[in-house]
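Spelled out from the first residue to the last, the chains are:
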Amino acid sequence: MIRVTNNKINRKRIYFLFILFVIAFALVIYKLVSIQYIYASKYQSYAEYQHMDEFTVNAKRGKILDRNEIELATSLIEKTVYANPKLVISAEQEAEALSKILDMDAGSIEQKLGSKELGFVYIKRQISSEVAELINQLNLPGIYTQNETKRYYPQNDLAAAIVGFTGLDNNGLNGVELEYEKLLRGIDGKYIIEKDVYGKIIPGSKNNYISPVDGGDVVLTVDSQIQYIAQKKLEEVTAEYKALRSIAVVMNPQTGEIYAMAGYPGFELNNYQQYDESLYKNLGISFTYEPGSTFKIVNISSAIDNNCIKYDQIFNLPPSIKVGDKIIKELYRNYNISYTTGEIIKYSSNIGAVTSALSMGKKLFYESIKKYGFGEPTGIDLPGEEGGILYNYKDWSASSIGTLAIGQGISITPLQLVRAACVIANGGYLVTPYIVKEVRLQNEKVEYFEKKEKVRIISETTANEVKDMMLACVDDGSGTRAQIENVKVCGKTGTAQKANQSGIGYSEGRIITSFVGFAPYNNPQVAIIIVIDEPHGPDNEIFGGTVAAPIFKEIMNFSLKRLRVEQYEA
Amino acid sequence: MSTRLAEEELYSRKSYPLLYLVNKQENTGREKVIQSRTGIFYVCMIVVVFACLGLLLNIGLKTQAINYDRKIFENNEMISLEKERADRLKLKISELKNPDRIVDVAENDLGMKMSENIKVMRVVGVNLAKEEKIHDYIAKNPAPELKQYDNFLGTIYSIKDIIMVVSEGVLTFFIP
């Protein structure tokens, strides 16, 4: 009886143990399934995080070259010292050792190394390979060096605003460096490695290397020698006339290529941090001003092209004219005179220009100005371009047409005006200026972008007629100081009063002198604009024809020689 | 045979090695069987040896691969160092080409000045045009003796030249 009872108890125990075993086994199975199947991806990523590591291999930033392959920006590999504070054993001793080599304050290094909560801190960036080698030889725990590219600008202040600069992380911050950032930067590579439990690289394990794709080289249309002469001449004229600033843009009127775009004062690319940020601006595309008389070429060409006036028409011009509530006067004339259309440009007659604009009427005049591209960016491949201000004719006051006729009440950039002069030079086409000639990717020469088709905006006859007027202006008009021996130069002077800071009225003594023109007459190859902001000197000496024209002449003369343009006219 | 004995025999069979020799007992007239697994043993040994060799070979190859990787890495390092050096030289050249520096040296050190009288003009001259034509012709029609080195048979021409030179040398050496 006892035996039977024992057997029952034993059997119950066995059943209990069996069930317990089954439950335990089921739990194990569940855990296995959850690890291996349900949460597999999560654990896999944990494991990869622990075992795999990734190093970025920086792509080399592409070069920026001028049209003759002169390097304007290049990259060199420099070393950067960084630390993993968690692995640093003695922050004090290591900081002491590093400070001697890096010529840094030991205290600041110690502070960085003491930040144990961080896994990565920069000690010093962009040091030479020799210094990095000295640090590597010390074999300090938690201190490492890595390659980093540093940007150099061998021409320093030459075309600084065009080329632009990069920050410490090699990101383009200005100019071409910013505009073509993606292309210049390339694609960084990766080195994926497998680590053991101690964090050491397992040699021969499934290390994966994705090589970086170096950035492409950007070739500019800029000629560094023309750019140099432009900058030098601007510096001279600014110093001579104690001007606020001066600007020069040199371009090809047939294609829109920019040969030079200079502004003074400028800055040095290798020490750009030491200069005021306002100097970083590319004045050729960002400085807006009222053009004054240089704008008359737009006015007269539009009037001729719209058959509102004739080329050989004679105008009887009074010394002043009332337009709306404003009286517009001639500068030095207080008597009536008869001028042909050509003479309006030649002698820069305000009343003649107003008469021409009035003949078109508000709408037609506004539309013609728009056709020349004023009031909107030219589309040049540079960042920070201003579009200027051109109000819609519906918003014009009664006097607006008169002020616009003489280049007031409109805000433009130097590039917009030289582009308008190009229309006259190339027979009536509006070209889109561009600064990048080509881009070279992976040793293949690639024409980077499709050049925008030039658009005819005035007839060839009109363009040629205005060209003749501009030639006369230099030959025997207000721009005689732009004459070059054996070269027929076309041009137009401009002397504009500057608007007050309040925007109401114009201040005496604050003027902008300018000169826009092109050469040679028969086949214009170079168009230049010179703008001098607030030159100082005797009142009867400060004009576009006296301040800006001589600089125009010198830059034009050099450019024609440099570009091997045949100077002798047939 | 009782169960106990049977169990003992089974135990002894399990405990003792299967490979053993037994003296031939002639008197009994019964021949004792000598159990031996020598063949399998050698096969196993060979398999183990080959497996070890394979393993060693594998390790050796892996080591060699790592060594090659290291060499490639070192060579790449050397290449990048040389490239870096070349880039530094290019940078130096670019700095030397700076117009500001050139003009400064020319004006201040060499006493030169910017010329105002350089003119670019079209050169019109019969003789010059003829010369240009000749240059163009030469460029477009290279001499046949130069051309022959440029094609597939160039190697043969080279060998011919070498033989000529060597034979001349030999003859010069032997002929007093």
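Owing to the predicted nature of the structure, the values given are computational and were not obtained by experimental measurement.

**Details of the overall build of chain A**
Of the regular secondary structure elements, chain A holds 18 helices and 21 strands. The C-alpha radius of gyration computed for chain A amounts to 36 Å, which surpasses the reference 25 Å derived for 570 residues by more than 25%, pointing to a less compact arrangement than a globule. Its C-alpha atoms give chain A principal-axis dimensions of about 145 × 60 × 45 Å. The burial tally for chain A puts 44% of its 570 residues in the buried class. Here the contacts in chain A between residues at least 6 apart in sequence split such that 72% fall between residues at least 24 apart.

**Description of the environment of R125 of chain A**
Residues and elements named next belong to chain A. Structurally, the position occupied by R125 is in strand β4 (residues 121-127). The spatial distance from the C-alpha of R125 to the C-alpha of E148 is 8.2 Å, given a sequence separation of 23 residues. Residues contacting R125, with those up to four places away along its chain left out, are T80, E148 and L168.

**Remarks on the nonpolar core**
Residue and element names in this part refer to chain A. If you look at the biggest cluster of nonpolar residues, it comprises 126 residues, and the most contacted ones within it are A248, V250, V418, A421 and I528. Structurally, this core is a two-domain feature, drawing no fewer than three residues from each of domain 2 (54-220) and domain 3 (224-562). The contact partners of A421, leaving out residues within four places of it in the chain, are I297, V516, G517, F518 and A527. Listed in part, the 13 residues of the second largest apolar core include I127, I135, L140 and I143.

**Topic: the environment of T340 of chain A**
Residue and element names in this part refer to chain A. Locating T340 in the fold gives a position in strand β14 (residues 337-340). Along the chain, T340 and H51 lie 289 residues apart, while their C-alpha atoms are 86 Å from each other. Non-local contacts of T340, meaning those with residues more than four positions away in its chain, are made with D312, Q313 and I314.

**Some words on the environment of N170 of chain A**
Residue and element names in this part refer to chain A. Topologically, N170 is positioned in the loop between α6 (160-163) and α7 (175-179). The spacing of N170 and K363 is 193 residues in sequence and 49 Å in space, taken between C-alpha atoms. Here N170 is in contact with R61, T149 and R151, once residues within four sequence places are set aside.

**Focus: the domain arrangement of chain A**
In terms of domain boundaries, chain A breaks down into domain 1 (2-40), domain 2 (54-220) and domain 3 (224-562). Computed from C-alpha coordinates alone, the two centres of domain 1 of chain A and domain 3 of chain A are separated by 95 Å.

**Details of the sheet that holds strand β20 (residues 506-519) of chain A**
All names here are of chain A. Within the open sheet, the five strands sit side by side as β10-β9-β21-β20-β19. Their pairing is antiparallel. Among the strands making up the open sheet, the edge pair consists of β10 (258-264) and β19 (490-499). Sheet twist, expressed as the mean angle between neighbouring strand axes with direction ignored, is 10°. When β20 meets strand β21 (residues 526-533), the two strands line up antiparallel, connected through eight bridges. Within β21, the position partnered with A519 by the bridge is V526. Those strands touched by helix α16 (residues 414-425) are β9 (245-251), β20 and β21, and its axis lies near 145° from that of β21. Its contacts with the sheet place helix α17 (residues 460-476) against β19 and β20, and it is angled at close to 80° to β19.

**Considerations on the packing of helix α3 (residues 91-102) of chain A against helix α5 (residues 129-138) of chain A**
Residues and elements named next belong to chain A. Relative to each other, α3 and α5 sit at 160°, their axes nearing to 10 Å. As judged from the angle between their axes, α3 and α5 are roughly antiparallel. For the pair α3 and α5, the sense of crossing is right-handed. Counted together, A97, L98 and I101 of α3 and V131, L134, I135 and L138 of α5 form the full contact between these two elements. Tallied by class, residues from the contact of α3 with α5 come to seven nonpolar, no polar and no charged.

**A few points about helix α4 (residues 106-113) of chain A**
Residues and elements named next belong to chain A. Along α4, the positions that sit buried rather than exposed are I109, K112 and L113. Along the axis of α4, the buried residues cluster in a sector spanning 95°; they form a single face. Residues of α4 that are exposed and angled more than 90 degrees away from the buried face: G107 and S108. On its buried face, α4 is in contact with β3 (71-83), α3 and β4.

**Digging into the pairing of β10 of chain A**
Counting buried positions along β10 of chain A gives seven out of seven residues, so the element sits mostly inside the fold. The hairpin formed by β9 of chain A and β10 of chain A contains six residues between the paired strands, and G256 of chain A there has a positive phi angle of roughly 95°.

**Overview of the packing of α16 of chain A against α17 of chain A**
Residue and element names in this part refer to chain A. Look at α16 against α17: their axes get within 7 Å of each other, and the N-to-C directions meet at 110°. Taken together, the axes of α16 and α17 are roughly perpendicular relative to one another. From α16, V423, I424 and A425 reach across to α17, where they touch A463, V466, K467 and M470. Of the residues contributing to the contact of α16 with α17, the split by class is six nonpolar, no polar and one charged.

Rules and cut-offs
Residues numbered from 1 in each chain as written. Chains lettered and ligands numbered in written order. Predicted model: local features only at pLDDT ≥ 70, side-chain atom pairs only at ≥ 80, totals over all residues. Helix = DSSP H or I, 4+ residues; strand = E, 2+ residues; numbered from the N terminus. Rg over C-alpha atoms; globule rule 2.2 N^0.38 Å. Buried ≥ 20, exposed ≤ 12 C-beta atoms within 10 Å, placed from the backbone. Contact = placed C-beta atoms within 7 Å. Core = buried A, V, L, I, M, F, W, Y, C linked by C-beta atoms within 7 Å. Domains from an automatic or database assignment. Pairing = 2+ DSSP bridges. Axes fitted to C-alpha atoms, helices over the stretch in contact; angles between N-to-C directions. Parallel < 35°, antiparallel > 145°, perpendicular 65-115°, else oblique. Left-handed = near helix turned anticlockwise from the far one by under 90°. Nonpolar A, V, L, I, M, F, W, Y, C, P; charged D, E, K, R; others polar. Arc of directions from axis to C-beta.

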